Amino acid sequence: MTVQELYAIWRLGGAKSFRYWGENLDLRHDKNSAVAPGKPGSAIYPDSPLGEDIEGIPTGRDVEWEPLVDYRRNGVSETTIHGAVAWSHGDKVIHSFGGNVLCYGRSMMKPFMLKAFTKELENHSWEQKAISVASHNGDTEHVAAAQSLLSEAEWPLMLTPVDVPLIQFGRQVRRPRRWYHTCSGEHAAILAGCRAKGWNRAGYTLPTHQVFEAYMEQLRRFLGKDWNPQRIAKDGCGLPTVSNTVAELAKIYAGLVQDKESDWIWEAMCKHPDLVGGFNRLDSTILKIGKGKVIAKEGADGLLGMAIEHPDYPNGLGIVVKIAHGWNSQATWYVARAILGCLGIELRNPYPLNRQKAFIVPGIVPDSLHDVLKTIPTWDEWDPDRDRWHYEVDA
């Protein structure tokens, strides 16, 4: 293609510059694009479809992801799930696998966002406390608990995006509403807490508001008073989310064990696990089987945090799993079952794969637990091998 031909393409399309055969040309936008160079607002778009290199900010291409679990059909891997895992005993990281990945804590950090309001919400019901740290499915009981945190006159203050329930059954069809959003309980609780503190509720989702300042104070309790995030972004619900390494997240979750008796967060999550997530949700299931010794919280995109009270880890054990490609509840479930099983906590297997079997990579647990890991099957007695014929087949 000649330079003249490329110039003709540019005239039809327009956009930002790229390099071709040593010539400075432009990214090809639609000719009527409102974001072509020089147009109002064009500066807030990326400069390259290949991504930009920012010093000190490793992307997912730069980190050393490790395989955590693979799905095999008759011995051949068809799917391999990569990710990272970190274990922290108190403030000491004791195991790391898959690289110390930088990510956003997202909804996994709701217990820490709400720690700023534990005194103000102390006299609320246990259901209201549980829904305040929830990423719920949007079922009837979730919506009712979230709405109960505010008077009806205050409902218009809530700024969650409109959404439909995370899980809908049968022929249910729900029109999008703010209350169905998975974070509606958190937003309602923050508004209730701001009212009790006397804070202005306008702009409560902004990083310049006292809500965010109070959240940063909580994180610095576990990461040091001089800690600052490398990046602050807007979460899916509109609240700020900050970047942390997986190891930092594990330290923060170990802190939940240390804080267990100092506020109502731990007890509320254990009393009402189905409000924290909902039907067949991994975090709700872990809360149920943990018998008050484990709390768990999922977070986008592909995060699971677990705070574990265990006699072998007297300073509190925090474990965080990050799936490289994002949310994958089934893969995370297999990893969580293996980790918890090594600690003597029995989590059931997820629903079985279709003519495949899952196999765990030993590195998800410290070397001292590898022998225990070998005893935890990723299948059940009602889930035989159906991925092959049980006689010799010659081609």
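Conventions adopted
Residues numbered from 1 in each chain as written. Predicted model: local features only at pLDDT ≥ 70, side-chain atom pairs only at ≥ 80, totals over all residues. Heavy atoms only, no water. Helix = DSSP H or I, 4+ residues; strand = E, 2+ residues; numbered from the N terminus. Rg over C-alpha atoms; globule rule 2.2 N^0.38 Å. Buried < 20%, exposed > 50% of the residue type's maximum accessible area, 1.4 Å probe, protein only. Contact = heavy atoms within 4.5 Å. Areas by Shrake-Rupley, 256 points an atom, 1.4 Å probe, with all protein chains shown as cover. Lys, Arg positive; Asp, Glu negative; His and termini not counted. Charge placed at Lys NZ, Arg CZ, Asp CG, Glu CD. Pairing = 2+ DSSP bridges. Axes fitted to C-alpha atoms, helices over the stretch in contact; angles between N-to-C directions.

Enquirer: Before we go on, may I ask you to explain the overall build of the chain in this structure?
Expert: Per the secondary structure count, the chain includes 12 helices and 12 strands. Here the C-alpha radius of gyration of the chain, 24 Å, is about what a compact globule of 395 residues would show, namely 21 Å. Along the three orthogonal principal directions, the C-alpha set of the chain runs to about 75 × 70 × 50 Å. Out of the 395 residues belonging to the chain, those deemed buried represent 51%. When contacts within the chain are restricted to residue pairs at least 6 apart in sequence, those whose partners lie at least 24 apart make up 63%. Within the structure as shown, the chain displays about 20,000 Å² of accessible surface, and the carbon and sulfur contribution to it stands at 51%. Distance between charge centroids for the chain: 5 Å, based on 44 positive and 48 negative side chains.

Enquirer: What am I meant to see in the sheet that holds strand 6 (residues 102–104) here?
Expert: Adjacent strands of a sheet pair through backbone hydrogen bonds, lying either parallel or antiparallel. Spatial strand order, 6-8-7: 3 strands in an open sheet with antiparallel pairing. At either end of the open sheet lies a strand with only one pairing partner, and these are strand 6 and strand 7 (232–234). For this sheet, the mean inter-axis angle between neighbouring strands, taken without regard to orientation, is 35°. As paired elements, strand 6 and strand 8 (residues 240–245) share 3 bridges and run antiparallel to each other. Pairing of Leu 102 across the sheet is with Thr 245, part of strand 8. Of the strands in this sheet, strand 7 and strand 8 are in contact with helix 6 (residues 210–223), which crosses strand 8 at around 15°.

Enquirer: I keep staring at the environment of His 187 and nothing clicks. Help me out?
Expert: Note on placement: His 187 falls in helix 5 (residues 184–197). When its relative accessible area of 0% is taken as the criterion, His 187 is described as buried. In the structure, His 187 is positioned 69 residues away from Thr 118 in sequence and 14 Å away in space, judged by C-alpha atoms. Once residues lying within four places of it in the same chain are set aside, the contact partners of His 187 are Met 158, Leu 159, Thr 160, Tyr 204, Thr 205, Cys 237 and Leu 239.

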